[in-house]
Amino acid sequence: MISFTKEDLNILDKIISSRRDVRGNNFIDKKVSNKKLNIILESALKAPSVGYSQPWAFKIVRSKDEKNKIYKNFKRNYLKSFPKFENRPLYKKLKLEGIKESSINIAVFYKKSNKEVLGQTYMKRSGEYSVVCAIHNMWLTARVMGIGIGWVSIIKPKKVRKILKVSKEYKLIGYLCVGYTKNFLDQPELKKVGWDKKKNLHDCILN
Ligand SMILES: Cc1cc2nc3c(=O)[nH]c(=O)nc-3n(C[C@H](O)[C@H](O)[C@H](O)COP(=O)(O)O)c2cc1C
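Student: Explain the overall build of the protein chain here, please?
Tutor: Of the regular secondary structure elements, the protein chain holds 7 helices and 4 strands. Tracing the protein chain from N to C terminus, the helices and strands come up as α-α-β-α-β-α-β-α-β-α-α. The C-alpha extent of the protein chain, read off along each of the three principal axes, is 50 × 45 × 45 Å. When the 207 residues of the protein chain are sorted by exposure, 40% land in the buried category. Expressed as a percentage of contacts within the protein chain between residues at least 6 apart in sequence, the contacts between residues at least 24 apart total 82%. By element, 55% of the accessible surface of the protein chain is carried by carbon and sulfur atoms, the whole surface being about 13,500 Å². Both charge centroids of the protein chain, one from 45 positive and one from 18 negative side chains, sit 6 Å from each other.

Student: Would you explain the site of the ligand in this entry?
Tutor: All residues adjacent to the ligand are Arg19, Arg20, Asp21, Arg23, Leu96, Trp151, Val152, Ser153, Ile154, Pro188 and Leu190. Interatomic distance of 2.8 Å between a backbone N/O atom of Asp21 and an oxygen atom of the ligand. Between an oxygen atom of the ligand and a main-chain N or O atom of Ser153, the distance comes to 2.7 Å. Across the complex, the protein chains shield 72% of the 610 Å² of accessible surface that the ligand would expose by itself. Of the residues belonging to the shell around the ligand, the class tally is 6 nonpolar, 1 polar and 4 charged.

Student: Can you walk me through the nonpolar core in this structure?
Tutor: The nonpolar side chains of a soluble globular protein tend to be buried, and buried together. Counting residues in each nonpolar core, the largest one holds 26 residues, and the members touching the most others are Ile70, Phe74, Ile99, Ile155, Leu164 and Tyr175. Top contributing element to this core by residue count: helix 3 (residues 64-80), with 4 residues. In this structure, Trp56, Ala134, Ile135 and Tyr180 belong to the second largest nonpolar core, which totals 23 residues.

Student: Explain the sheet that holds strand 1 (residues 56-61) to me, please; I cannot follow it from the model alone.
Tutor: Hydrogen bonds along the backbone pair up the strands of a sheet, which may run parallel or antiparallel. Ordered by their spatial adjacency, 4 strands build an open sheet running 1-2-4-3, and the pairing between neighbours is antiparallel. A single partner strand is all that each edge strand has here, and the edge strands are strand 1 and strand 3 (147-152). Here the strands of the sheet are splayed against their neighbours by 25° on average, with no regard to which way each runs. Relative to strand 4 (residues 170-180), strand 2 (residues 104-111) is paired through 8 bridges, and the arrangement is antiparallel. Each bridged residue has a counterpart across the sheet, and for Asn105 the counterpart in strand 4 is Cys177. Across the face of the sheet, helix 2 (residues 34-44) comes into contact with strand 1, strand 2, strand 3 and strand 4 while running at roughly 160° to strand 1.

Student: Just checking my understanding: could you explain a positive patch on the surface for this structure?
Tutor: Taken together, the side chains of Lys72, Arg76, Lys80, Lys156, Lys158, Lys159, Lys162 and Lys168 define a basic patch exposed on the protein surface. Broken down by secondary-structure element, the contributors of at least two residues to the positive patch are helix 3 and helix 5 (157-163). One can find Lys72 in helix 3. Given a relative accessible area of 62%, Lys72 falls into the exposed group.

Student: Help me understand the environment of Pro55 in this model?
Tutor: Mapped onto the fold, Pro55 is located in the loop between helix 2 and strand 1. Separated by 58 residues in sequence, Pro55 and Ser113 have C-alpha atoms that sit 7.0 Å apart. Discounting residues that sit within four places of it in the chain, Pro55 has contacts with Ser49, Phe109, Tyr110, Lys111, Gly127, Ser130 and Val131.

Student: How should I be thinking about the side chain of Lys67 in this particular structure?
Tutor: Considering the arrangement of structural elements, one finds Lys67 in helix 3. Of the side chains with opposite charge, Glu101 comes closest to the buried, unpaired Lys67, at an N-O distance of 8.4 Å. Ignoring anything within four residues of it in the chain, the contact list for Lys67 reads Val61, Arg62, Ile99, Ser102, Ser103, Ile104 and Asn105.

Student: Explain the packing of aromatic side chains to me, please; I cannot follow it from the model alone.
Tutor: Scanning all chains against the criterion turns up 10 aromatic pairs. Seen in terms of ring centroids, Phe85 and Tyr91 are 4.0 Å apart; in terms of plane orientation they differ by 20°. Their pairing is stacked. Accessibility expressed as a relative area gives 28% for Phe85, which makes it partly exposed. Using a relative accessible area of 6% as the deciding quantity, one classes Tyr91 as buried.

About the criteria used
- Residues numbered from 1 in each chain as written.
- Predicted model: local features only at pLDDT ≥ 70, side-chain atom pairs only at ≥ 80, totals over all residues.
- Heavy atoms only, no water.
- Helix = DSSP H or I, 4+ residues; strand = E, 2+ residues; numbered from the N terminus.
- Buried < 20%, exposed > 50% of the residue type's maximum accessible area, 1.4 Å probe, protein only.
- Contact = heavy atoms within 4.5 Å.
- Areas by Shrake-Rupley, 256 points an atom, 1.4 Å probe, with all protein chains shown as cover.
- Lys, Arg positive; Asp, Glu negative; His and termini not counted.
- Charge placed at Lys NZ, Arg CZ, Asp CG, Glu CD.
- Near = heavy atom within 4 Å.
- Polar contact = N/O pair within 3.5 Å; in protein donor to acceptor, adjacent residues only side chain to side chain.
- Nonpolar A, V, L, I, M, F, W, Y, C, P; charged D, E, K, R; others polar.
- Core = buried A, V, L, I, M, F, W, Y, C linked by side-chain atoms within 4.5 Å.
- Pairing = 2+ DSSP bridges.
- Axes fitted to C-alpha atoms, helices over the stretch in contact; angles between N-to-C directions.
- Patch = residues over 30% accessible without salt bridge, like charges linked within 9 Å, V, L, I, M, F, W, Y side chains within 5 Å.
- Salt bridge = Lys/Arg side-chain N within 4 Å of Asp/Glu carboxyl O.
- Phe/Tyr/Trp six-rings, centres within 6.5 Å; stacked < 30°, edge-to-face > 60°.

What follows is the structure in structure tokens.
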């Protein structure tokens, strides 16, 4: 059995704490090699999944044309969402993606199993939650390699799937921008700019 030391725990906490969502204002023009990309993807495959269903699938996006099309979809939805944040003028100033600035984009999909999945009989979305676990592994692994990931959700999943010519059985869970960065902020950018405060543990415990 592998066991860990207190120092390992400290390192793990350091990795978790220094993971950041990286956006276009921070990516630099440097290619992520296939070797590094594979390490990131392999870490995804080690994630927990309901009934060991491993329901994930990845589409690697490098083409400028596809990135431009997805960016256009982002931009349209971002602009459309302005009325929802009318009372938050900061929203219009935020850079909320790095689709074109990052070396690679990865669209992460969920594929429903064609057999009954142990554990998914009541909580139908646990397959999708499993894909999120895979994304988090990628996020942490990339961080250790000095590679940033930014998650973009201001996009229409079906539209993205069509742009990428991915078939209907796949549902988009996360769209990731992956690349080297100028730096990693020491705290979440949205905290730094005053969008929201960090919650304390006691705020998250139900009585
Ligand atoms: C499901 C999910 C969707 C997200 N979508 C976006 C997004 O569309 N644009 C963006 O700038 N950040 C997005 N983020 C990043 C969050 O804003 C970020 O995780 C949060 O502000 C905390 O910052 P940190 O990740 O640097 O710690 C998303 C994060 C998650 C988990």
